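# Coordinate inspection notes
Each chain, letter by letter, is given below.
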Amino acid sequence: LFTDIKSFSTLSEKISPEHLVSVLNIYLTRMSDIILEEKGTIDKYIGDAIVSFFGAPLDLQDHATHSCYAALRMKEAEEEINATLFETGKIPMPIKTRIGINTGEMVVGNMGTEKKMNYTIMGNDVNLAARLEGVNKKYGTWILVSESTWNETQGTFLGRRLDRVRVVGINTPVQLYNVMAVKTEASEVMLQLCNQFEKAISLYRERKYKEALEAFKECQKIDASDEPTKLYIERMQELVSNPELAATHDDIVNMTSK
């Protein structure tokens, strides 16, 4: 699980270094506590980012589920932090966290030199989790997980299928899922949106672009502020208006930046 604060550089410019450290300590403490409560292991902090993993050093059978619970609880905690810091004027902008999660085979253990070692994780599946965190920027989402993570959670969470993407440095396309809520805690609006969004995505994958456009417009009626819906409406409009593009369109999206 990888986290990163949106526009952290902008926040850093607007407050003093001492104030920034104070804010980060509040943020990292709360977020780390949630990861630990979900039986995760904190790997490292990279500025405002947290790198963590689940399933080592102690085996954890439902590690994917724990990681998604952690992500959702972190987003809830973020609202509390913003109520304390942003709404009271202690920081000039709200804190918004992007999270990427992937499940797969990794090497975990002490790595480094004889004089300096870290207990950490390595492998292609680690790199993919880091890339997924960044892919949130394209879709306007906050929590993206791979298909391997999604499948292991076995219906515990409400989420939706997005694109298949080929991220930087990894050639195999990855099916994206946007985790939105614990299914038993989801609002009626979320449930309606996910249901309609799945219909729209299916039409898109079947290359029925006109029908998909109308289906995504129905999503917009349910939640006008939904960012992925806006992205897909723009894409469908382009495909409908350009038959040549539609004829050769590949639904695998190649990401060009991390």
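The structure contained in this document is the topic of the report that follows. As the structure is a computational prediction, the values presented were derived from the model and not from experiment.

### Re the overall build of the chain
- Looking only at helices and strands, one finds nine helices and ten strands in the chain.
- Relative to a compact globule of 258 residues, whose C-alpha radius of gyration would be 18 Å, the chain shows 19 Å and is just as compact.
- Judged by the C-alpha coordinates and their principal axes, the chain covers about 60 × 45 × 35 Å.
- Classification of the 258 residues of the chain by burial places 48% in the buried group.

### Side note on the nonpolar core
- Core analysis: the largest hydrophobic core is formed by 36 residues, its most contacted members being Tyr27, Val145 and Val179.
- When contributions to this core are tallied by element, the ones reaching two or more residues are α1 (8–14), α2 (17–37), β3 (49–54), α3 (63–85), β4 (97–101), β7 (143–146) and β9 (174–182).
- Leave out the neighbours within four places in its chain, and Val145 touches Cys68, Ile101, Leu132, Trp150, Gln175, Leu176, Tyr177 and Val179.
- With 35 residues, the next largest nonpolar core counts Val167, Ile201, Ala212 and Cys219 among its residues.

### Focus on the packing of helix α6 (residues 188–205) against helix α7 (residues 209–222)
- Across the interface, α6 lies against α7 with an axial gap of 8 Å and an inter-helix angle of 170°. Judged by the inter-axis angle, α6 sits roughly antiparallel to α7. Note on element contacts: α7 touches α6 through Tyr209, Glu211, Ala212, Ala215, Phe216, Glu218, Cys219 and Ile222, opposite Val189, Gln192, Leu193, Gln196, Phe197, Ala200, Ile201, Leu203 and Tyr204.
- Across the contact of α6 with α7, the residue classes tally to 13 nonpolar, two polar and two charged.

### Quick word on the pattern of salt bridges
- Under the counting rule described, the total for this entry stands at 14 salt bridges.
- Of the charged contacts, one joins Glu80 and Arg30 as a salt bridge, the two residues approaching to 4.0 Å between their closest N and O atoms. Here Glu80 is found in helix α3, whereas its partner Arg30 is found in helix α2, with 50 residues between them in sequence.
- Owing to a relative accessible area of 30%, Arg30 belongs among the partly exposed residues under this scheme.
- Two residues, Asp226 and Arg160, come together in a salt bridge whose shortest N-O distance is 2.8 Å. Residue Asp226 is located in the loop between α7 and α8 (227–241), and its partner Arg160 is located in strand β8 (residues 157–166); the two are separated by 66 residues in the primary sequence.
- By sharing partners, the salt bridges in this structure join Arg73, Glu76 and Glu185 into a single network.

### Some remarks on the packing of aromatic side chains
- In the structure shown here, the tally under the stated rule is eight aromatic pairs.
- Among the aromatic residues, ring-to-ring pairing joins Phe197, Tyr204, Tyr209, Phe216 and Tyr232 into one connected group.
- The ring of Tyr139 is capped by Lys138, whose NZ or CZ atom sits 5.9 Å from the centre of that ring.
- Positioned over the ring face of Phe197 is Arg160, at 4.7 Å from the centre of the ring.

### Re the side chain of Thr41
- Mapped onto the fold, Thr41 is located in strand β2 (residues 40–46).
- A distance of 2.6 Å separates a polar atom in the side chain of Thr41 from the backbone oxygen of Ala56.
- Apart from residues no more than four positions distant in its own chain, Thr41 is found in contact with Ile35, Val51, Ser52, Phe53, Ala56 and Pro57.

### What to know about the state of the cysteines
- Counted by the stated rule, this structure contains zero disulfides.
- Cysteine Cys194 shares no disulfide, and the gap to the nearest cysteine sulfur, in Cys219, comes to 9.1 Å.
- Given a relative accessible area of 7%, Cys194 falls into the buried group.

### Considerations on the pairing of β9
- Burial analysis of β9 places nine of its nine residues in the buried class, which makes it a mostly covered element.
- Judged from the seven bridges that link them, β8 and β9 form a sheet pairing that is antiparallel. Within β9, the residue paired with Arg160 across the bridge is Asn178.

Criteria and thresholds
- Residues numbered from 1 in each chain as written.
- Predicted model: local features only at pLDDT ≥ 70, side-chain atom pairs only at ≥ 80, totals over all residues.
- Heavy atoms only, no water.
- Helix = DSSP H or I, 4+ residues; strand = E, 2+ residues; numbered from the N terminus.
- Rg over C-alpha atoms; globule rule 2.2 N^0.38 Å.
- Buried < 20%, exposed > 50% of the residue type's maximum accessible area, 1.4 Å probe, protein only.
- Core = buried A, V, L, I, M, F, W, Y, C linked by side-chain atoms within 4.5 Å.
- Contact = heavy atoms within 4.5 Å.
- Axes fitted to C-alpha atoms, helices over the stretch in contact; angles between N-to-C directions.
- Parallel < 35°, antiparallel > 145°, perpendicular 65-115°, else oblique.
- Nonpolar A, V, L, I, M, F, W, Y, C, P; charged D, E, K, R; others polar.
- Salt bridge = Lys/Arg side-chain N within 4 Å of Asp/Glu carboxyl O.
- Phe/Tyr/Trp six-rings, centres within 6.5 Å; stacked < 30°, edge-to-face > 60°.
- Lys NZ or Arg CZ within 6 Å of the ring centre and 35° of its normal.
- Polar contact = N/O pair within 3.5 Å; in protein donor to acceptor, adjacent residues only side chain to side chain.
- Disulfide = S-S within 2.5 Å.
- Pairing = 2+ DSSP bridges.

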